[in-house]
Amino acid sequence: MPASVRSFIIVHCEPGLPPDGSHPEAQWGNLAHLVSMAEAQRCNLTIALSPPWGRFALQWPNLRSTLARWIASGHELAYHHHGYGSPPGWDGFSNVPAAAAHPEYRGTAEDGFALVTATLPAAPVRVGAMTGAASDWSEDLTIRAKGGGALSVPTLETVNGCEVLAVTYEPIAGSGSALTPADVRDLIATARDGEVLGLVLHVEHVRASWRSVQAVMYELVGGAGPSERLSEVCDGGG
Ligand SMILES: [Zn+2]
């Protein structure tokens with residue numbers, strides 16, 4: 001009998017600026033669409049906001065109420081950060097000393113993290129997914145989601161002096177190497193005891209991939225059970 005595998009879907013809300021196309025003004029609607037699609041299948045999402053998304057939500061009370069409703073219905077708020085020197089575009093926040101002299105510098109890593117946590121002060125943000133220097137890691141983040149394969153056993157590692165549980169993921173939308181629904185079915189069938197199935201997508205890829213993403217959710221529901229909050233998976237609770 002195959003092992004029972006638990007799964008999570010982490011959604012990266014990218015820090016792009018116009019005309020990049022991944023910025024919150026352009027993509028909030030796609031995030032809302034993705035959440036509705038997940039809720040139709042009782043899947044919970046780990047929604048990783050980058051600082052510009054936090055700043056955007058802070059400007060609009062209705063967006064904060066929407067976030068609060070999503071969290072109340074079982075999703076989770078997480079933190080996404082592109083550090084100084086990141087290939088996909090820095091978000092402007094860093095603890096790297098050289099960053100402060102850069103014209104795009106907006107503040108310390110703590111300032112960037114605070115833009116996200118301030119959207120919902122009552123909701124703890126425990127999951128981080130970031131690039132860049134380890135010194136940007138916040139001690140409030142106890143779970144690290146990162147690339148490296150769809151199946152992993154949550155493993156302790158140290159980031160910036162903080163002990164965190166690290167879990168890996170693979171994309172289900174966007175790149176040519178994104179997992180297909182059939183791949184996900186195979187992963188569920190081959191997972192070993194203790195392994196977690198980690199899936200990631202970027203909000204700006206939802207529109208072009210929504211049928212495939214929806215089919216991946218069907219595979220999860222039928223084979224592994226609906227996706228769960230990553231912190232819930234790591235807590236090992238039922
Ligand atoms: Zn990103």
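Residues numbered from 1 in each chain as written. Predicted model: local features only at pLDDT ≥ 70, side-chain atom pairs only at ≥ 80, totals over all residues.

**What to know about the pairing of strand β7 (residues 155-159)**
The two faces of a sheet get side chains in turn, since along a regular strand they alternate between them.
Here is step 1 of the chain: Of all five residues making up β7, only zero are buried, and the element is barely covered by its neighbours.
Here is step 2 of the chain: Examined bridge by bridge, β7 and strand β8 (residues 162-171) share five bridges and lie antiparallel to one another. Looking at the pairing, Glu157 lines up with Val164 of β8.
Here is step 3 of the chain: Connecting β7 to the next strand, β8, in antiparallel fashion are two residues, including Asn160 with a positive phi near 55 degrees. (Buried ≥ 20, exposed ≤ 12 C-beta atoms within 10 Å, placed from the backbone. Helix = DSSP H or I, 4+ residues; strand = E, 2+ residues; numbered from the N terminus. Pairing = 2+ DSSP bridges.)

**Brief notes about the environment of Ala178**
Here is step 1 of the chain: Summarising the element assignment, Ala178 is placed in the loop between β8 and α5 (181-190).
Here is step 2 of the chain: Given 19 C-beta atoms within a 10 Å radius, Ala178 is considered partly exposed.
Here is step 3 of the chain: Beyond its immediate sequence surroundings of up to four residues, Ala178 is in contact with Pro171, Ile172 and Ala173. (Contact = placed C-beta atoms within 7 Å.)

**Here we look at the nonpolar core**
Here is step 1 of the chain: With 64 residues, the main nonpolar core has Ile10, Val11, Ala48 and Leu197 as its most contacted residues.
Here is step 2 of the chain: Ignoring sequence-local partners within four residues, the contact set of Ala48 consists of Ile10, Val11, His12, Cys13, Ala78, Tyr79, His80, Val127 and Ala129. (Core = buried A, V, L, I, M, F, W, Y, C linked by C-beta atoms within 7 Å.)

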